[in-house]
Amino acid sequence: MMIVDIPAEGDPLAGVETKLRQAPSFFDGAPVVLDLLAVADDARVDLIDIVARLREMGLIPIGVQNGGDRQNATALAAGLCPFPIWRSGRQRPERESDSNGEHDDQELAEPQPASGAKSQDGQREATAPPKRDGTPALLVTRPVRSGKRLYARDGDLVAAAPVSAGAELIADGHIHVYGPLRGRALAGVRGDETARIFCQSLEAELVSIAGAYRVREDIDEALIGKPVQIFLKGEQLVIDPLVRTPK
Amino acid sequence: MSKIVVMTSGKGGVGKTTSAAAFAAGLAQRGHKTVVVDFDVGLRNLDLVMGCERRVVFDFVNVINGEARLNQALIKDKRIDNLFILPTSQTRDKDALSREGVGEALEKLKDEFEYVICDSPAGIEKGAVMALYYADEAVIVTNPEVSSVRDSDRILGVLQSKSKRAEENREPVKEHLLLTRYDLDRVERGEMMAVDDVLDILAIRLLGVVPEDQAVLRASNLGQPVILDGTSTPGQSYRDAVSRFLGEEIPHRFTRREKRGVFQRLFRRTA
């Protein structure tokens, strides 16, 4: 899922284009929600045109949020869902105030909470932050093969088997992999910033916590093949070896 | 108890048809009544590899459509008793395969044969899914290179989610790996993946490693399953693979260079 902030000035999709250039295939077919906070009921914003352009880029616009009444009506007519308020743990005002300078673009992708939870989850994502108490973890004991996508809604995902390249593990909570993690793992996809990823051997194509992600290319080679835990520290995605080699 | 075995790979050109022909011939040689069915509708090849292309009258699609009886379409191999071929249609496409039609035909084949070997088309679309849907066991044919390994991984996922056994929540399809076109020189030069690297990713039982060898091409051109050429390394390794499939424990050959010196050989002989 990708949230696109429509800026008050300039090309509304400039940010998206930059993002797509950075990771063209990652967002392929990703559901998109347009955030209209900055341009609520601004007549200059042509929703229909924006939607058409997004589709051309290979994205799937599914809804709008923070729009004005007229925009919501246009969105509905265009087959988009006007979501009330996005509550995926991303609070724009705060983020703006504390991102003074030390924000590292390499590590943190900006407006893109997790690509994982796909369109059918759109609606429930809009309603409430995940409540994980008492939800049993989703346990898989057979290898997770390339092309397979598993989603642990409201809870943790435990894979007691290898996760192949091209497979995708998605969880609202933590993700544990007792075996090599070669595919993608997205934890806390509905905004839980305390979610973590644990794996026995980090060989992942991509890891993400609450939308902050890192692709294999940006992962320190020294960590590859190591048992690690991955978590968010502020806005920084941290990959920590589970066993430190004695000096 | 008869078994349906699918030869599949995801990727094309890795040796599914060669392996299906060799495997079926091997099982028949071992005294099991076996039929090998070509599921690659529109790209009929199995009959060529089996050397029976001049004897095709009716085919699998005719049987599915009720235009011919099974016995009219089955071709008996001239070299090996117990071995039959069910060719496919060259003029139709994969839409000719219906789940019910394939199911009925395979049921009838199961009544007559101990092993039904399904030679799958490449891909993960309809044709491939039809070939694996009714399988009890699967032989994943893989070449030691990354794209083939990834596609095999994908098809393993399809097996475990789209097969009849998976749908009915029965015991999963039993998976075997057949690593073909293995070139020891290139592995040693680091140009090809080694057996262990492939096993590390796919994590399934290794049925056999078939060396890259001219004998395979020669055999296809002659229309003879390569397993009949017992002097060739591929022929021997397919025989080993069939034995392992039948439950025998045989050490793997052709996976590493023989480095035994004269002394060791002498020692082994006398010991």
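Residue indices follow the written sequence of each chain, beginning from 1 at its first position. As they are written, the chains are lettered A onward and the ligands numbered 1 onward, keeping that order. Only residues with pLDDT of at least 70 are given local features in this predicted model, and only at 80 or more are side-chain atom pairs given and counted; all residues enter the totals for whole chains, interfaces and linings. The side-chain quantities take in all heavy atoms of the structure and omit both hydrogens and water.

In the annotation of an unreviewed UniProt entry, chain B is listed under the name Septum site-determining protein MinD and assigned to Ferruginivarius sediminum. UniProt positions are given in the numbering used here, feature names are shortened, and annotations may be inferred rather than shown by experiment. Entered under Subunit (unreviewed entry) in the UniProt record, the comment concerning chain B runs "Interacts with MinC and FtsZ." The heading Sequence similarities (unreviewed entry) in the UniProt record of chain B holds the text "Belongs to the ParA family. MinD subfamily."

A.B. asks: For this particular structure, what's the right way to read the interface of chain A and chain B?
C.D. replies: Buried accessible area, meaning the area lost when the parts come together, often serves as the stated size of an interface. Note on contacts: a residue pair is in contact if any heavy atoms of the two residues lie within 4.5 Å. Each partner contributes to the interface: chain A provides 9 residues, whereas chain B provides 14 residues. Interface of chain A and chain B: buried area, both sides summed, is about 940 Å²; carbon and sulfur atoms make up 41% of it. We count a salt bridge whenever a side-chain nitrogen from Lys or Arg sits within 4 Å of a carboxyl oxygen from Asp or Glu. Linking chain A with chain B are 4 salt bridges, by the criterion used here. A 1.4 Å probe defines the accessible area here, and the buried area is the portion of it lost by two parts on being joined, summed over both.

A.B. asks: I would appreciate a short explanation of the UniProt feature "binding site: ATP" (unreviewed entry) in chain B in the present structure.
C.D. replies: Residues and elements named next belong to chain B. Taking the numbering used here, the UniProt-annotated feature "binding site: ATP" (unreviewed entry) corresponds to Lys11, Gly12, Gly13, Val14, Gly15, Lys16, Thr17 and Thr18. Each helix is a run of DSSP H or I of at least 4 residues and each strand a run of E of at least 2, with the numbering of both proceeding from the N terminus. Within the secondary structure layout, lysine 11 lies in the loop between β1 (3-8) and α1 (16-29). Take lysine 11: its relative accessible area is 24%, and that puts it in the partly exposed class. Residues within four places of lysine 11 in sequence aside, it is in contact with Lys16, Ala122, Glu145, Ser147, Ser148 and Asp151. Tracing the backbone shows glycine 15 in the loop between β1 and α1. The rule is simple: take the accessible area with a 1.4 Å probe, protein chains only, and divide by the maximum for that residue type; under 20% is buried, over 50% is exposed, in between is partly exposed.

A.B. asks: Hey, could you run me through the sheet that holds strand β5 (residues 138-140) of chain A in this one?
C.D. replies: All names here are of chain A. When DSSP finds two or more bridges between two strands, those strands count as paired. On the basis of which strands lie adjacent, the open sheet formed by 6 strands has the order β5-β7-β9-β11-β14-β15 and mixed pairing. With partners counted over all chains shown, the strands left at the sheet margins are β5 and β15 (236-241), one partner each. Strand-to-strand twist in this sheet, taken as the mean axis angle between neighbours without regard to direction, amounts to 20°. As defined by bridge partners, strand β11 (residues 197-202) adjoins strand β14 (residues 228-233) across 3 bridges and the pair is classed as antiparallel. The residue of β14 that forms the bridge with isoleucine 197 is isoleucine 230. Axis definition: a line fitted to C-alpha atoms, limited for helices to the stretch in contact. Angles are taken between N-to-C directions and run from 0 to 180 degrees.

A.B. asks: Explain the packing of aromatic side chains here, please?
C.D. replies: Between two aromatic rings, the relevant description is the distance of the centres plus the angle of the planes. Residue and element names in this part refer to chain B. Classification of ring pairs rests on two measures: the distance between centres of Phe, Tyr or Trp rings, Trp counted by its six-membered ring, which must be within 6.5 Å, and the angle between planes, read as stacked under 30 degrees, edge-to-face over 60 and tilted in between. Counted under the stated rule, the structure contains 5 aromatic pairs over all chains. Each ring, one from phenylalanine 39 and one from phenylalanine 60, has its centre 5.1 Å from the other, and the planes form 70°; the classification is edge-to-face. Residue phenylalanine 39 is found in the loop between β2 (34-38) and α2 (46-49), and its partner phenylalanine 60 is found in helix α3 (residues 60-64); the two are separated by 21 residues along the sequence. For phenylalanine 39, a relative accessible area of 0% translates into the label buried. Residue phenylalanine 60 is classed as buried on the basis of its relative accessible area of 0%. An aromatic cluster is defined as three or more aromatic residues linked by ring pairs; in this entry it consists of Phe23, Tyr115 and Phe245.

A.B. asks: Quick question: what am I supposed to make of the pairing of strand β8 (residues 205-211) of chain B here?
C.D. replies: Note on strand geometry: in a regular strand, side chains alternate between the two faces of the sheet. Residue and element names in this part refer to chain B. For β8, the buried fraction is high: 6 of the 7 residues fall into the buried class. Of the pairings in the sheet, the one linking strand β7 (residues 174-182) to β8 comprises 5 bridges and is parallel in character. Residue pairing across strands places leucine 179 opposite valine 209, the latter belonging to β8.

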